[in-house]
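Overview (structure and organization)
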Amino acid sequence: QQQEQQRQQMEAQRRQQMEELQRRKREEEARTRLEQHAALTARKSINDLRAATPENFAELCQKVQEVLGQELPRCGSMAQRCQQDAAEQIEQARQRCEAVQEQRQRDEERKVEETQAFEEQQEGHKKQIGELVGLVEKAEATCGKLKEAAAPLEGGAFTAAQAADLQKVVNAAGAETKVACKDALDFVLAQRQRLEPASALLLSTQAEEVKKFVDDAREELLNLQKRIAECLTLAITSSVAAKAAGDKAVKRDTASRRMDKRGAGFDKYDKNRDGFLNEKELTEYAKGEFGFAVPKDGAAKIMALLAEAKKGVPKAKFHDLKVAVGVMREEEASKERIKKAQERKKFIEDKKAAYTADVGKVAESIEEVDKEVKKAEEKAVPLKAEEITKLSATDLSQALLSAQEQLTATKDEIESVRKQVKDLDQDLLVELASFVRLECRKLEVKLDLFAPRLAQVNLAYEKGKSHLIRQEQRELEMLRSEAAKAVKAFATEKKLSQDDLIKGMDKDGDGSVSKGDFTAFLEGCDGLKLESSQVDKLYGLLDESNTGAIPQDTLMCFIRVYYRVIQDTVITTEQTIKGSKTVRRLEVDEIVEALEGPVEEEDVKIKRIRASALKDSSEGWITVMGNNDTVFLEEHPPLFRLVAAAPLTKEIEATSETIKALPIGEPVEVLDWDKKDEAGHSRLRVRTRGGAGGGEERVTGWLAGPAGGEAAILKLEPRTS
């Protein structure tokens, strides 16, 4: 029970607390509503300042102060904010009113300025319009004179002299009017801005008055321009009318003179003066005036057509007579033209037949050419790739000569026929030009068909020629190699140095070897049997300058022997393999120059040579053939192909004259290795491999070197075939 009482007491306390909180909340809400209402009333009064003008600004400020005095005490916490907003709005309203006052002052000043400018424009316009009116009145005064001068044009006919005089007077008055009109128009162009002052539209304070002023000025100017145009039109039409009257008078006088002349012509042939032209007089008239002999039946036709009462042609029909004679002349001329046309047609047909016969002859010549082309193709059969390898050099040379002769003869025959075709197209008649040219084109097409066939023959000939050159080069190189081996063997047998060998060839010691000395020396080499023709070819190969003597440096190149590495091997320091040290390893396709040997090492049965590698001048002993017949080196001439284009110079210096530009793939023979120019650059003396027996001329010169090596300026590729 005690707990129940305590609980009830606590409930009563809570209800009292809740009622107190609600009472306070209601009081707070009432106070807040009162403050908001007071603030809203104050802000409404403050917002009225936004529409303040200079006239009601003081009144609105007074009203705001009164409202603030009444409402601020009720605004509570918003009183300060309302006071601040009121101060800002009053200041902004004051600034706006001051700006409005200033703008009104500027507008008033602008109105005064524009009023003054408008009055000046009106005054200037009035002055210019007055001057223009004076010019227009002057032009209209000249128009009055022009009308007086042109008044006679409305009357009757004039003689040519009268019309000319009247035209002069009208043109003079018209010119005066045109000058006056031009002065007025020039004035309009020069003073248009004053005469039509569009700039006045910018005077916004005088809008209505300005618009009326501009419209009136424009209308007044248009009226004056219209008056000027009327004066100018009158001047032009008067001049045209005067000219037309003059032209009409001239035509009238001309017609009158023509009629008088025609009457005189009639009287000239009217011998009996009866006023008629009889048949005889008519014939004399046609002969005398036109050089036309009227046929007898023609004269009768004219008389039947124009004669009156069998007396003849009257004077009134003299013009008809002239027309009738003209018609008869044209009929006779037409007959003559028809006759000539028929004769021309027959001539053209005969000429066409002659051309057709000539075309047939040329066609027969083309058939003969076809036979010659077939012969050339037959001559080229042995030169084809599958047949050419079966021929010896002699047979191939004869086949080439035969093919060349036939090819040349065929080409000459084709050119001869082309000339015949061209001759057909000369001095053509116009009527036959298209026919003949069409036939010539057909013949030319037939001739053009021979070109690809002859091109194949020529290609076979060139390939055969190249094959012969290569074959002769190989034979000549084999001959050179065989002779070089024999000379080398002779030197080895006699234990001669290169200098001693050269001295053995150069009997007279003049620094060169004659053909007799060279032949005698070769005959002394054991195992070398050469025919005289072979000796001649070999000597011609070495005697490059055709001086009849071989220089010693050429002989040195001749007796040198080169080997190509065909399998990896090494250079050693000693002749014997045992106890020898390796100088370096040789790579495949390197070229070495033999200095001694080959000699056979008895213990191991291998052949060795002492040699120098051209790549870096490494020197030592190299195995040529192993004891198991393994080939490491094979004898190979110093023949290379360029892998990059390079200039061939006349002297060792790279800056000397270029005698030939060598392309990629050009075969060359190296004569001197690794020579230094003044700049210390490595240079090679080479000779191009021009074909023997009619091939390209061989040229000797200098190239950049060395041959081989990664740092070489120009790389040379060994020729493997």
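Everything discussed here concerns the structure shown above.
Described below are features of the structure shown in this document. Starting afresh in each chain, residues are numbered from 1 along the sequence in its written order. Totals for whole chains, interfaces and linings use all residues, but because this is a predicted model, local features are given only for residues with pLDDT of at least 70 and pairs of side-chain atoms are given and counted only at 80 or more. With hydrogens and water excluded, all non-hydrogen atoms of the structure serve as input to the side-chain values.

A closer look at the overall build of the protein
Numbering of helices and strands runs from the N terminus, with a helix taken as a DSSP run of H or I at least four residues long and a strand as a DSSP run of E at least two residues long. Assigned secondary structure in the protein consists of 17 helices and 18 strands. Put simply, the radius of gyration uses C-alpha atoms, and a globule should come to 2.2 Å times the residue count raised to 0.38. Computed over C-alpha atoms, the radius of gyration of the protein comes to 64 Å, more than 25% over the 27 Å expected from 2.2 N^0.38 for 721 residues, which places it beyond the range of a compact globule. Viewed in the frame of its principal axes, the protein has a C-alpha envelope of about 185 × 145 × 70 Å. Within the protein, buried positions represent 36% of all 721 residues. What makes two residues a contact is simply this: any of their non-hydrogen atoms within 4.5 Å. Here the contacts in the protein between residues at least 6 apart in sequence split such that 62% fall between residues at least 24 apart. With a 1.4 Å probe rolled over the protein chains alone, any residue whose accessible area is under 20% of its type maximum counts as buried; one over 50% counts as exposed, and the rest are partly exposed.

Details of unusual backbone geometry
With phi around 80 degrees, aspartate 589 is a residue other than glycine that occupies positive phi space. Structurally, aspartate 589 is set in the loop between β7 (582-586) and β8 (591-601). Judged by relative accessible area, aspartate 589 falls into the partly exposed class, the value being 31%. For serine 617, which is not glycine, the phi torsion reads 65 degrees and is therefore positive.

Considering a positive patch on the surface
Candidates for patches are residues over 30% relative accessible area with no salt bridge; among them, like charges are joined within 9 Å and nonpolar side chains (Val, Leu, Ile, Met, Phe, Trp, Tyr) within 5 Å. To measure how exposed things are, a 1.4 Å probe is used in the Shrake-Rupley method; for residues, cover is taken only from the protein chains shown. Salt bridges are defined by distance alone: a side-chain nitrogen of Lys or Arg within 4 Å of a carboxyl oxygen of Asp or Glu. A residue counts as positive if it is Lys or Arg and as negative if it is Asp or Glu; His and the chain ends are not included. To locate a charge, the coordinates of NZ of Lys, CZ of Arg, CG of Asp or CD of Glu are taken. Among the surface-exposed residues, Arg257, Arg258, Lys261 and Lys322 lie close enough to one another that they form a single positively charged patch. Considering each element in turn, the positive patch owes the most residues, three residues, to helix α6 (residues 207-269). Note that arginine 258 resides in helix α6.

Concerning the nonpolar core
Only buried residues count toward a nonpolar core. Its members are Ala, Val, Leu, Ile, Met, Phe, Trp, Tyr and Cys residues joined through side-chain atoms within 4.5 Å. One finds Val362, Ile366, Leu383, Leu443, Leu447 and Phe450 to be the most contacted residues of the largest nonpolar core, which totals 35 residues. Going through the elements one at a time, α9 (318-380), α11 (393-424), α12 (433-448) and α13 (450-494) are the ones with two or more residues in this core. Counting residues per element, this core draws most heavily on α11, at 10 residues. Ala483, Ala491, Met505 and Cys525 belong to the second-largest nonpolar core, a separate cluster that totals 26 residues.

Examining the packing of aromatic side chains
Each pair of aromatic rings is reported with the distance of its centres and the angle of its planes. Within 6.5 Å between ring centres, the rings of Phe, Tyr and Trp (the latter by its six-membered ring) count as paired, and their orientation is classed by plane angle as stacked under 30 degrees, edge-to-face over 60, tilted in between. Per the stated rule, a full pass over the model turns up three aromatic pairs. With centroids separated by 5.6 Å and ring planes inclined at 80 degrees, the aromatic side chains of tyrosine 269 and tyrosine 285 adopt a geometry described as edge-to-face. Of the two residues, tyrosine 269 is situated in helix α6 and tyrosine 285 in helix α7 (residues 279-290); the sequence distance between them amounts to 16 residues. Pair check on accessibility: tyrosine 269 and tyrosine 285 agree, each one buried. When the ring of tyrosine 285 is compared with that of phenylalanine 290, the centres are 5.8 Å apart and the planes differ by 90 degrees; the resulting orientation is edge-to-face. Ring-pair connections join several aromatic residues into one group, and the members of that group are Tyr269, Tyr285 and Phe290. We count a charge as sitting over a ring when the NZ of a lysine or the CZ of an arginine lies within 6 Å of the ring centre and within 35 degrees of the ring normal. It is lysine 352 that lies over the ring of phenylalanine 435; its NZ or CZ is 4.7 Å from the centre.

Re the pairing of β8
By the convention used here, strands pair only if DSSP detects at least 2 bridges between them. Looking at chain direction, strand β5 (residues 561-565) and β8 are connected through four bridges and run antiparallel. Each bridged residue has a counterpart across the sheet, and for tyrosine 563 the counterpart in β8 is valine 592. As paired strands, β8 and strand β9 (residues 606-613) are joined by seven bridges and run antiparallel to one another. Within the sheet, the bridge partner assigned to glutamate 601 lies in β9 and is isoleucine 606. Linking two consecutive strands that pair antiparallel, namely β8 and β9, is a turn of four residues; a positive phi of about 60 degrees is found at lysine 605 within it.

Side note on the side chain of arginine 685
Along the chain, arginine 685 turns up in strand β16 (residues 682-688). Classification of arginine 685 by relative accessible area gives buried; the value is 13%. In contact with arginine 685, other than residues within four places in its own chain, are Asp553, Cys557, Glu669, Val670, Leu671, Asp672, Thr700, Gly701 and Trp702.

Some thoughts on the packing of α7 against α9
Axes, fitted as lines to C-alpha atoms, cover a helix only where it is in contact. Angles between the N-to-C directions of the axes lie from 0 to 180 degrees. Following both chains from N to C, one finds α7 and α9 inclined at 70 degrees, their axes separated by 11 Å at the closest point. With respect to α9, the element α7 is oriented roughly perpendicular. The way α7 lies across α9 gives a crossing that is right-handed. Facing α7, whose interface residues are Leu282, Tyr285, Ala286 and Phe290, α9 presents Phe318, Leu321, Lys322, Val325 and Arg329. Amino acids are sorted into nonpolar (Ala, Val, Leu, Ile, Met, Phe, Trp, Tyr, Cys and Pro), charged (Asp, Glu, Lys and Arg) and polar (every other residue, Gly among them). Of the residues belonging to the contact of α7 with α9, the class tally is seven nonpolar, no polar and two charged. Roughly parallel refers to an angle under 35 degrees, roughly antiparallel to one over 145, roughly perpendicular to one between 65 and 115, and oblique to any angle outside these ranges. Handedness of a helix crossing follows the sense of rotation of the near helix relative to the far helix, less than a right angle counterclockwise being left-handed and clockwise being right-handed.

Points about helix α14 (residues 498-505)
Taken as a whole, α14 has its buried residues at Leu501, Ile502 and Met505. Projection of α14 onto a plane perpendicular to its axis shows the buried side chains occupying an angular sector of 100 degrees, all on one side. Opposite the buried face of α14, at more than 90 degrees from it, the exposed residues are Asp499 and Lys503. Residues of α14 that are buried sit in contact with α13, β3 (512-514), α15 (515-523) and α17 (552-559). The reported arc concerns the directions from the helix axis to the C-beta atoms and nothing else.

Remarks on the environment of glutamine 162
Along the polypeptide, glutamine 162 turns up in helix α4 (residues 160-190). For glutamine 162, a relative accessible area of 43% puts it in the partly exposed group. Between the C-alpha atom of glutamine 162 and that of alanine 245, which follows or precedes it by 83 residues, the distance is 9.9 Å.

Section: helix α8 (residues 296-306)
It helps to recall that an α-helix has 3.6 residues per turn; residues three or four apart then point in one direction. All buried positions along α8 are accounted for by Gly298, Ala299, Ile302, Met303 and Leu306. Within α8, the buried residues cover an arc of 135 degrees as seen down the axis, which keeps them to one side. The exposed residues of α8 that point more than 90 degrees off its buried face are Lys296, Lys301, Ala304 and Leu305. Taken together, the buried residues of α8 touch β1 (276-277), α7, β2 (313-314) and α9.

What about the packing of helix α1 (residues 2-47) against helix α2 (residues 57-75)?
Running from N to C, α1 and α2 cross one another at 165 degrees; their axes reach a closest spacing of 8 Å. Overall, the two elements α1 and α2 adopt an arrangement that is roughly antiparallel. The crossing of α1 and α2 is left-handed. Contacts from Leu34, Glu35, Ala38, Ala39, Thr41, Ala42, Ser45 and Ile46 in α1 reach Lys63, Val64, Val67, Leu68, Glu71, Arg74 and Cys75 in α2. In terms of residue class, the contact of α1 with α2 is built from nine nonpolar, two polar and four charged.

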